[in-house]
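Examination of the molecular architecture
Chain by chain, the residues:
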Amino acid sequence: HPLADRRVYDRFTWPDPLVISKVGLDENRALIARDGKQYGIIGAVACSMLEGAWYLRGLDNFLMDLAEDLDFVEDLLDHTMNHSLALSRELVKMGVDILWWGDDYSVESGPIMSPELFRRLLKPRYAKVFSELRRIDPKVKIAFHCDGKVEWSLADLVDAGVDIINPLQPDVNDVPAVKKRFGKNLSVWGNVDTRRVMSKGSATEVVEEVKNVIRTLSPGGGHLLSSNHTIQSTPRAVENTIAFYWA
């Protein structure tokens with residue numbers, strides 16, 4: 001955590017995102033050239049703003065900053081926002097179809113900050129970024145990743161310009177209610193359970209889980225079927241991945 005000590009903040013040298021991410025940007029450029037006419041291409045700028053801030057400060061320090069010094073938090077978030085915005089601009093200019101942002105502002109019990117702070121600190125910055133990207137390419141789709149309980153924030157994300165939410169963790173969100181309320185405005189990327197079904201369940205359970213997710217989220221479109229998160233390396237992982245494919 002290079003900014004764990006606040007005393008170094010004012011003399012911290014912020015890296016040039018286009019320099020430190022040159023290899024990744026070049027890989028995206030080559031991918032678009034090779035496959036862009038046949039497939040939709042995703043450009044990922046994960047851990048985009050909030051997580052970047054707490055990685056720099058350390059989560060404990062950052063949470064204390066939220067309680068003690070919001071002016072500092074806003075300045076820090078502006079730095080991490082601008083870093084990710086610079087990368088996002090490059091990806092959209094080169095022609096990605098979907099731009100992926102992500103910040104884990106929620107855990108399984110709910111948000112790590114009050115909804116009021118979310119709407120003060122995060123939502124307007126997300127809106128600023130996504131609006132700027134659409135000035136470059138009005139057709140680019142914005143995907144947003146946040147684990148945990150996120151249904152409380154979905155109206156704000158839609159308002160900020162998000163098109164796709166990932167993963168809509170099925171064990172802590174009311175998935176049918178989200179589909180009913182937001183199905184016309186927000187696509188879901190997910191959300192086959194990985195905690196239990198994909199990691200520990202039987203092949204039969206995997207098939208039923210996949211079919212249930214399709215029944216819930218796919219009607220009317222707006223659903224990208226996938227696992228809820230990374231499929232963990234368990235004794236059931238390979239067989240269950242194959243069952244997922246054939247379900």
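Below: a short report on this structure.

Cut-offs applied
Residues numbered from 1 in each chain as written. Predicted model: local features only at pLDDT ≥ 70, side-chain atom pairs only at ≥ 80, totals over all residues. Heavy atoms only, no water. Core = buried A, V, L, I, M, F, W, Y, C linked by side-chain atoms within 4.5 Å. Buried < 20%, exposed > 50% of the residue type's maximum accessible area, 1.4 Å probe, protein only. Helix = DSSP H or I, 4+ residues; strand = E, 2+ residues; numbered from the N terminus. Contact = heavy atoms within 4.5 Å. Pairing = 2+ DSSP bridges. Axes fitted to C-alpha atoms, helices over the stretch in contact; angles between N-to-C directions. Parallel < 35°, antiparallel > 145°, perpendicular 65-115°, else oblique. Left-handed = near helix turned anticlockwise from the far one by under 90°. Salt bridge = Lys/Arg side-chain N within 4 Å of Asp/Glu carboxyl O.

Bringing the nonpolar core into the picture now. Core analysis: the biggest nonpolar cluster contains 61 residues, and Y105, L122 and Y126 have the highest contact counts within it. Considering each element in turn, this core owes the most residues, ten residues, to helix 5 (residues 70-94). In this structure L122 touches M49, L50, L77, Y105, M113 and L117, once residues within four positions along its chain are discounted. In terms of nonpolar packing, the next biggest core, distinct from the first, is built from five residues, I98, W100, A143 and W189 among them.

This next bit is on the pairing of strand 7 (residues 187-192). Every regular strand shows the same layout, with side chains that alternate between the two sheet faces. For strand 7, a buried count of six out of six residues is recorded, marking the element as mostly surrounded by other parts of the structure. Pairing geometry for strand 6 (residues 164-166) and strand 7, over two bridges, is parallel. Bridging from a neighbouring strand, I165 pairs with V188 of strand 7. Bridge count for strand 7 against strand 8 (residues 223-227) is five bridges, and the pairing is parallel. When the bridges of strand 8 are listed, W189 appears paired with L224.

The subject of this paragraph is the packing of helix 10 (residues 203-217) against helix 11 (residues 237-246). Contact geometry for helix 10 and helix 11: axes closest at 9 Å, N-to-C directions at 40 degrees. The angle between the axes of helix 10 and helix 11 places the two elements in the oblique class. Handedness of the helix 10/helix 11 crossing: right-handed. Between helix 10 and helix 11, the contacting residues are A203, V206, V207 and V210 on the first element and E239, N240, A243 and F244 on the second.

So, about the pattern of salt bridges. Applying the stated criterion to the full structure yields 20 salt bridges. A salt bridge links R119 to D156, with the shortest nitrogen-to-oxygen separation between them at 2.8 Å. In this pair, R119 sits in helix 6 (residues 115-136) while D156 sits in helix 7 (residues 154-160), placing the two residues 37 residues apart along the sequence. For R119, a relative accessible area of 38% corresponds to the partly exposed category.

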